[in-house]
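The lines below spell out each chain.
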Amino acid sequence: MRSIVLALGALSAAAGGESDKQQYKTITLGGYAVSRKSVDIPAPPRDGYITGMRAYVVDEQGREVPQERVMLHHVLFMNKGRFSGDRTSDDCKRQKHEKFYGTGEEDQELVLPPGYGYPVRKGDRWRLSWMLMNHNPRNERVRMAWEYTLAEPGADITPVKPHWISLGCENGKIFNVPGGGSGGKTHTRSRTWPVPEDGRIVAAGAHAHGGVQGVSLAQPSCGDRHLLTSDARYGTADDPIYKVSPVLHEPSPRSMSFENSSSGWAVNAGERLRLDALYENTRPHMGVMGIMHVYIAPPKPGAAKCASLPTDVKEERRAFLGAPGREAPPAVTMDLSERGDDGIARPLAELSGTPRQVDGDVEVDVRDYAFSPRKLSVPSGATVRWRFDDAVQHDVTVASAPRGFASMYLKGNKVYSRTLTVPGTYRLFCSLHAVDMAATVEVRPRAASALPAQR
Ligand SMILES: [Cu+2]
């Protein structure tokens, strides 16, 4: 008999077993600072099955901290197993750990259907990775907290295997939605995913960023039928997340649905499913992601290929302020900002100084927490190369511009380049040091004389 139980009631009632609640030690975040870290954490001290799980941010008194104070950009739980190679995952590359639960601003709870669980063993080693952003000028002292429900071994539980499917493996898994309505009002990013084993998807959710409408899975080998969608809901206009100033980050959905079914969506080893992330495309959305988490149980004996779709699908979604919320991503204008002597960052209408005029391609140094030159004017068609040579990582991210883009986090003399063809003002910042690193690039229309002769 064990007594690690902490009665909670917070996890979904559907999850059977005993609950445990954990916290990692205090993280101190300076004003507007970003914290990214991976740490080892205690795994359950016995064999069993995780049937439900949730992670969130608390203060030192254990009270939940709202997103408008400290934003949980993402959190990921990995199981390294009892020895190297015991647990692996294949998303973008083979890794010696198994990703089994993740969430972010969307506050998605893992809720497996009754009778299913993620198997854990005594001696497993867990790792936790987070990215947090302080929205305030003052220091914040917070902790990562998580709770899970663990069913006894021998309980009548069917094991599930978690798989992460990322849209795009290049550039740190981020991509950009260009905006401007080019290619339609919805921008769809797709990839195919080879199913590694025969089985049934019994649960699925998704991690995505601001601007997303939904992330869905289709089955091309069965008439391209739609299987499931983790769909986005945004807060209402009075949601405090939209009162944060300066706006350093486009708010993500308040909720992404977690789909589950006891009978499951039948899939076959080797077939290729298609993952689609749908983003609204009238505005640019920078540095976005689309990652689906699917949980696969063993197949039902004698299951036919393209067996009928489940009729017992449930959509799990945590309650959130202003629920049911909005389906359409609200328009958010991102700011450039500057930290004043009082430590408070305020939106900047314009950067001080005169832009350096260049007539062609140009290189920008990213060093000492600054872009230099800070203000540039280039002709359309010019390629700008940002050279990252600081001791810490930075990126270059569009706050507002005719077309959106963002680099991944870079250092060590790495270069990100972009050819700017659409004239206008490109307001740029580093998303990791948003109140300290701003820049603008003015893209001038080419003079008529510089254009190739018109036919
Ligand atoms: Cu930076």
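Residues numbered from 1 in each chain as written. Predicted model: local features only at pLDDT ≥ 70, side-chain atom pairs only at ≥ 80, totals over all residues.

A count of helical and extended segments in the protein chain gives zero helices and 36 strands. Relative to its length of 455 residues, the protein chain is compact, with a C-alpha radius of gyration of 23 Å against a globular reference of 23 Å. Across its three principal axes, the protein chain shows a C-alpha extent of roughly 75 × 55 × 45 Å. In the protein chain, which comprises 455 residues, the proportion classed as buried is 43%. Contacts spanning at least 24 positions in sequence make up 76% of the contacts within the protein chain whose residues lie at least 6 apart. (Helix = DSSP H or I, 4+ residues; strand = E, 2+ residues; numbered from the N terminus. Rg over C-alpha atoms; globule rule 2.2 N^0.38 Å. Buried ≥ 20, exposed ≤ 12 C-beta atoms within 10 Å, placed from the backbone. Contact = placed C-beta atoms within 7 Å.)

The domain boundaries assigned to the protein chain delineate domain 1 (1-156), domain 2 (160-333) and domain 3 (336-450). Computed from C-alpha coordinates alone, the two centres of domain 1 and domain 2 are separated by 21 Å. Taken together, the contact pairs 31 residues of domain 1 with 31 residues of domain 2. When contributions to the side of domain 1 that touches domain 2 are tallied by element, the ones reaching two or more residues are strand 5 (70-79), strand 6 (89-90), strand 8 (98-104) and strand 10 (116-120). (Domains from an automatic or database assignment.)

Moving on: the confidence of the model for the protein chain. Per-residue confidence for the protein chain gives a mean pLDDT of 91, with 95% of residues at or over 70. Counted against residues more than four places away or in other chains, residues 1-10, with its pLDDT under 50, gives 13 contacts. (pLDDT = per-residue confidence, 0-100.)

Once that is clear, we can look at the nonpolar core. In terms of nonpolar packing, the biggest core is built from 106 residues, with Ala208, Met292, Tyr295 and Val441 touching the most fellow members. Take this core: its biggest share by element is seven residues, from strand 5. In contact with tyrosine 295, other than residues within four places in its own chain, are Leu112, Val160, Pro162, Ile201, Val202, Ala203 and Ala204. (Core = buried A, V, L, I, M, F, W, Y, C linked by C-beta atoms within 7 Å.)

With that settled, consider the sheet that holds strand 17 (residues 199-208). Pairing is antiparallel in the open sheet, where five strands are placed in the order 14-24-17-21-25. The sheet is open, and its two edges are formed by strand 14 (161-166) and strand 25 (314-316), each paired on a single side. Strand-to-strand, the axes of this sheet are offset by a mean angle of 30°, without reference to chain direction. (Pairing = 2+ DSSP bridges. Axes fitted to C-alpha atoms, helices over the stretch in contact; angles between N-to-C directions.)

Examined against the element boundaries, arginine 418 turns out to sit in strand 34 (residues 414-420). Ignoring sequence-local partners within four residues, the contact set of arginine 418 consists of Thr383, Val384 and Phe405.

Backbone torsion omega between serine 245 and proline 246 reads -5°, so that peptide bond is classified as cis. Looking at where proline 246 falls in the secondary structure, it is placed in the loop between strand 19 (225-233) and strand 20 (255-256). Cis peptide bonds are those with omega within 30 degrees of zero, and the linkage from alanine 323 to proline 324 qualifies with 10°. Position of proline 324 relative to the elements: it lies in the loop between strand 25 and strand 26 (336-339). A positive phi angle, close to 60°, is found at tyrosine 32, a residue other than glycine. With respect to the element layout, tyrosine 32 can be found in the loop between strand 2 (27-29) and strand 3 (34-41).

Here we take up the sheet that holds strand 32 (residues 382-388). Taken in spatial order, the four strands line up as 30-29-32-34 in an open sheet, and their pairing is mixed. Strands at the two margins of the open sheet, each flanked by one partner only, are strand 30 (370-372) and strand 34. Strand-to-strand twist in this sheet, taken as the mean axis angle between neighbours without regard to direction, amounts to 20°.

What follows deals with the environment of glycine 30. Its location among the elements puts glycine 30 in the loop between strand 2 and strand 3. According to the C-beta neighbour criterion, glycine 30 is partly exposed, with 14 such atoms within 10 Å. Spatially, the C-alpha atom of glycine 30 lies 7.5 Å from that of proline 137, the residues being 107 residues apart in sequence.

Positionally, leucine 128 belongs in strand 11 (residues 126-134). Those residues within four positions of leucine 128 in sequence are excluded, and the remaining contacts are Tyr24, Ser38, Val39, Ile41, Phe77 and Met144.

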